[in-house]
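# Fold and geometry: a report
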Amino acid sequence: MHAPVPFDLDLVVRSHGWYDLSPWQWDARRRVLSRPLDLAGGRVVRAEVAAAAGGLALRVVAEGRPSGAEVAEARSQMRACLSLDADLAPFRDLVRSLASRPEAPALRRALDRGAGRLLRSPTVFEDAVKTLCTTNCSWALTRTMVGRLVAELGRPGPGGDRAFPRAEDMAARTERFYRERIRAGYRAPFLRALARGAASGALGIESWRDPSTSTAELEQRIRSLPGFGPYATEHLLRLLGRHRGLALDSWSRRKLARVRGRRRQPSDRTLARWFAPWGEWAGLAMWLEVTADWHGDAPTWP
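About the thresholds
- Residues numbered from 1 in each chain as written.
- Predicted model: local features only at pLDDT ≥ 70, side-chain atom pairs only at ≥ 80, totals over all residues.
- Heavy atoms only, no water.
- Axes fitted to C-alpha atoms, helices over the stretch in contact; angles between N-to-C directions.
- Helix = DSSP H or I, 4+ residues; strand = E, 2+ residues; numbered from the N terminus.
- Parallel < 35°, antiparallel > 145°, perpendicular 65-115°, else oblique.
- Left-handed = near helix turned anticlockwise from the far one by under 90°.
- Contact = heavy atoms within 4.5 Å.
- Nonpolar A, V, L, I, M, F, W, Y, C, P; charged D, E, K, R; others polar.
- Pairing = 2+ DSSP bridges.
- 1 Å grid on protein atoms, 1.4 Å probe; cavity = no way out; pocket = protein on both sides within 12 Å on 5 of 7 lines; lining within 4 Å.
- Points joined across faces, edges and corners; volume = space filled by probe spheres on them.
- Expected span 1.5 Å × (residues − 1).
- Buried < 20%, exposed > 50% of the residue type's maximum accessible area, 1.4 Å probe, protein only.
- Arc of directions from axis to C-beta.
- Salt bridge = Lys/Arg side-chain N within 4 Å of Asp/Glu carboxyl O.
- Core = buried A, V, L, I, M, F, W, Y, C linked by side-chain atoms within 4.5 Å.

### Focus: the packing of helix α12 (residues 250–259) against helix α14 (residues 282–290)
Running from N to C, α12 and α14 point in directions that differ by 65°, and their axes come no closer than 9 Å. Here α12 lies roughly perpendicular to α14, going by the angle between them. Crossing handedness for the pair α12 and α14: left-handed. Here α12 contributes W251, S252, K255, L256 and V259 to the contact with α14, which in turn contributes M286, W287, E289 and V290. Partitioning the contact of α12 with α14 into residue classes produces six nonpolar, one polar and two charged.

### A word on the sheet that holds strand β4 (residues 55–61)
Taken together, four strands build an open sheet; the order of strands is β1-β2-β3-β4 and the sheet is antiparallel. Single-partner strands in this sheet number two, and they are β1 (25–27) and β4. Adjacent strand axes in the sheet meet at a mean angle of 25° when their direction is disregarded. Sheet topology places β1 next to strand β2 (residues 32–38); three bridges connect them, and they run antiparallel. If you follow W26 over to β2, its bridge partner there is L33. Relative to the sheet, helix α2 (residues 68–81) contacts β2, β3 (44–52) and β4, its axis offset from that of β4 by approximately 130°.

### Focus: the pairing of β4
Inspection of the sheet shows β3 paired to β4 by seven bridges, in the antiparallel sense. Paired with A50 across the strands is A57, a residue of β4. Turn length for the β3-β4 hairpin, with the two strands adjacent in sequence and antiparallel, is two residues, and the turn residue G54 shows positive phi of about 85°.

### A word on the packing of helix α3 (residues 89–97) against helix α4 (residues 104–113)
One can describe the packing of α3 onto α4 by two numbers: an axis separation of 9 Å at closest approach and a directional angle of 145°. Where α3 crosses over α4, the two elements pack in a sense that is left-handed. Counted together, F91, R92 and V95 of α3 and A104, L107, R108, L111 and D112 of α4 form the full contact between these two elements. Considered class by class, the residues forming the contact of α3 with α4 number five nonpolar, no polar and three charged.

### Looking at empty space enclosed by the protein
Enumeration according to the criterion identifies one cavity of 30 Å³ or more in this entry. Roughly 50 Å³ of internal volume is contained in the largest cavity. If you trace the largest cavity, you find it lined by L11, S15, A115, G116, R117, L118, W287, L288, T291 and H295.

### What to know about helix α6 (residues 139–153)
Look at α6: 21 Å from first C-alpha to last across 15 residues, which is about the 21 Å you get at 1.5 Å a residue. Turning to α6, its buried residues are T142, M145, V146, L149, V150 and L153. Buried residues along α6 cover an arc of 130° about the axis, so they all sit on one side. In this structure, the buried side of α6 is in contact with α5 (124–132), α7 (167–171) and α8 (175–180).

### Some details on α4
Listed as buried for α4 are A104, A106, L107, A110 and L111. Buried residues of α4 fall within an arc of 160° about the axis and therefore sit on the same side. Buried residues in α4 make contact with α3 and α14. Where α4 ends, the next residue or the one after it, G114, has phi of about 105°, a positive value.

### Concerning unusual backbone geometry
Across the junction of V5 and P6, the peptide omega takes the value 0°, indicating a cis bond. The residue P6 is located in the segment before α1 (9–13) in this model. Phi at R31 is positive, roughly 55°, even though this residue is not glycine. Its place among the elements puts R31 in the loop between β1 and β2. Assessed through its relative accessible area of 41%, R31 is described here as partly exposed.

### Observations regarding the pattern of salt bridges
This structure, assessed with the given rule, holds 25 salt bridges. A salt bridge links R176 to E180, with the nearest nitrogen and oxygen atoms 2.9 Å apart. Here E180 and R176 lie together in helix α8, a separation of four residues that amounts to about one turn. Given a relative accessible area of 58%, R176 falls into the exposed group.

### Side note on the nonpolar core
Soluble, globular proteins show a tendency: their nonpolar side chains are buried together. Counting residues in hydrophobic clusters, the biggest one holds 63 residues, and the most contacted among them are L56, M78, L82, F125, V129, Y178 and W208. Discounting chain neighbours no more than four positions away, the residues touching Y178 are L149, L153, M170, A171, R173, R183, A184, A188, L191 and R192.

Set out below in structure tokens:
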């Protein structure tokens, strides 16, 4: 697969926590990213991506030989997952024009090393479910909930790996199932409502990556989903390539205070003022600054 220049697979994979959630697998030693993919024809294959001369190498494993159409679909899904087609040129131009700002050097270094692209899921539905599973809880609980969803409802593929559940499979389960088997707590009715809306087509959720839809309209659609407050809405927008919102949570607030040498945690209004000059790229500017220690010569992953 062709990759933009500069591009660093490790930095994109570990751009945020998705690589740590099932069904993703990241072999940091070999630098191989893999996961099962549930293809349109009903077959689950395993896709593996690694750096290669001139771009990225893709390997598709299936029970039986995958067809050319299946390989092409897997390639398309993995391109979307790695945000390979995201246009960061306007952001690079903005970093150059705002070079005097205190955060600009960190942003420039991150971009020069190949950071700035975010790992996403093959579907908007998976990104939305996982976003719900990050709200008001520890990362350990997020991992547990997502892992249970995949183990309970994911369709099996090569080697017994399970893909992320389809919306229709999640929609068929009761709220009680999400409370008792997934241990989703207050999120149980929200997960079921999201799955039912996606499965019925009422949400049109997979169309949300269409760049012709305005950010304001997307924000309104997401905010109308049960369980999606300001953080969850802006987090999902970020994964849709819309970076105006900061998607602040307790971790990013604390980290920003430390990075900027503040004894007290600034208010959200203050944080919004800090990043206002970055306009529609404010959220990406904030994220690259708050994760600047992930992009250095000796990365310190959380």
